[in-house]
Amino acid sequence: MPYITLSELIDRYGERRIVDLTDRGDLSTGVIDADTVARAIADTDAVIDGYLAAKYALPLAETPPMIADLAQAICIYKLHSYEPDGKVQADYEQALKMLAQISSGTIRIPGASGIEPATTGGSGARVTDRERPMTEASLKGFV
């Protein structure tokens, strides 16, 4: 399940802007190229999953609003075939920083189930197989 949809991108950025970013043919058709958007959404999902896999069980049951917001910023950046404007660039960089903080555990996603930390499989006291240097017999006379 993708983190965002084409309709969410249109709601946030406007249909005209999505058309401008995706209508890349020699002759302009004036419509959104759904394949270009689908590829950008898939790339965005892969980036987000790469970060979230460190702390959360994937796929997420539902997309939290924070992740949807980050996905939109990343996706619109990926739709640019040339250098984006400063706002799009800044939003993209901020989204990657937030994903890094989510991956490190500094920021938690509300409602998402995390992955249990890796353990060694044992608990309690650890016993070694070496012989004890001080035994009752070797300490006879000291106690």
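Computed from a predicted structure; not experimentally measured.

Before going further, it helps to spend a moment on the environment of P64. Tracing the sequence through the fold places P64 in the loop between α3 (34-52) and α4 (65-79). For P64, a relative accessible area of 9% translates into the label buried. Sequence spacing of P64 and A112 is 48 residues, and the spatial spacing of their C-alpha atoms is 8.0 Å.

Now for the packing of helix α1 (residues 6-13) against α4. Between α1 and α4, the shortest axis-to-axis distance is 11 Å and the interhelical angle comes to 85°. Accordingly, the angle class assigned to the pair α1 and α4 is roughly perpendicular. Within the contact between the two elements, α1 uses E8, L9, R12 and Y13 and α4 uses D69, Q72, A73, C75, I76 and L79. Each residue belonging to the contact of α1 with α4 can be placed in one class, and the counts come to six nonpolar, one polar and three charged.

Moving on, we get to the packing of aromatic side chains. As enumerated under the stated definition, the model contains one aromatic pair in all. Judged by centre distance (3.7 Å) and plane angle (10°), the ring pair of Y77 and Y92 falls under stacked. You can see Y77 sitting in helix α4 and its partner Y92 sitting in helix α5 (residues 86-104), a full 15 residues away along the chain. Using a relative accessible area of 23% as the deciding quantity, one classes Y77 as partly exposed.

Within the largest apolar cluster, 30 residues are counted, with the highest numbers of intra-cluster contacts made by L9, I18, I48, L52, I67, L79 and I102. For this core, the leading source of residues is α4, giving eight residues. If we skip the residues at most four places from it in the chain, L52 touches Y3, L58, L60, I67, I102 and I109.

Take the packing of α4 against α5 next. Viewed as axis vectors pointing N to C, α4 and α5 meet at an angle of 135°, and their least axial separation amounts to 8 Å. Classified by the angle their axes make, α4 and α5 are oblique. The two elements α4 and α5 meet at a crossing, and its hand is left-handed. Of α5, the residues touching α4 (which contributes M66, I67, L70, A73, I74, I76 and Y77) are V88, Q89, D91, Y92, A95, L96, M98, L99 and I102.

This part takes up unusual backbone geometry. Note that the residue after L58, namely P59, is joined by a cis bond; omega there is -5°. Note on placement: P59 falls in the loop between α3 and α4.

So, on to the side chain of T44. As for its placement among the helices and strands, T44 is situated in helix α3. Not counting the four nearest positions on each side in its chain, T44 is found in contact with A71, I74, C75 and K78.

The next subject is the pattern of salt bridges. Applying the stated rule across the entire model yields four salt bridges. Ionic pairing is found between D91 and K87, a salt bridge with its closest N-O pair at 3.0 Å. Placement of both D91 and K87 in helix α5 is noted, with a separation of four residues, approximately one turn of the helix.

The rules behind the values
Per-chain numbering applies: the sequence of each chain, read as written, is numbered from 1 onward. pLDDT decides what is reported in this predicted model: residues at 70 or higher carry local features, side-chain atom pairs at 80 or more are listed and counted, and totals for whole chains, interfaces and linings draw on all residues regardless. With hydrogens and water set aside, each side-chain value is computed from the structure's full complement of heavy atoms. Only runs of H or I of at least four residues qualify as helices and only runs of E of at least two qualify as strands under DSSP, and these elements are numbered from the N terminus. We call a residue buried when its accessible area falls under 20% of the maximum for its residue type, exposed when it is over 50%, and partly exposed in between, using a 1.4 Å probe and counting protein chains only. A fitted line through C-alpha atoms serves as each axis, taken over the contacting stretch for helices, and the angle formed by two N-to-C directions is quoted from 0 to 180°. The cut-offs work like this: below 35 degrees is roughly parallel, past 145 is roughly antiparallel, 65 to 115 is roughly perpendicular, and the gaps in between are oblique. Two residues form a contact once any of their heavy atoms are found within 4.5 Å. In this classification, Asp, Glu, Lys and Arg are treated as charged, Ala, Val, Leu, Ile, Met, Phe, Trp, Tyr, Cys and Pro as nonpolar, and every other residue, Gly included, as polar. Side-chain rings of Phe, Tyr and Trp, where Trp is taken by its six-membered ring, are said to pair if the distance between their centres is within 6.5 Å; with planes under 30 degrees apart they count as stacked, over 60 as edge-to-face, and otherwise as tilted. Here, nonpolar core means buried Ala, Val, Leu, Ile, Met, Phe, Trp, Tyr and Cys residues that are tied together by side-chain atoms lying within 4.5 Å of each other. Whether a crossing is left-handed or right-handed is set by the direction in which the near helix is turned from the far one by less than a right angle, anticlockwise for left-handed and clockwise for right-handed. By convention in these notes, a salt bridge is any Lys or Arg side-chain nitrogen within 4 Å of a carboxyl oxygen on Asp or Glu.

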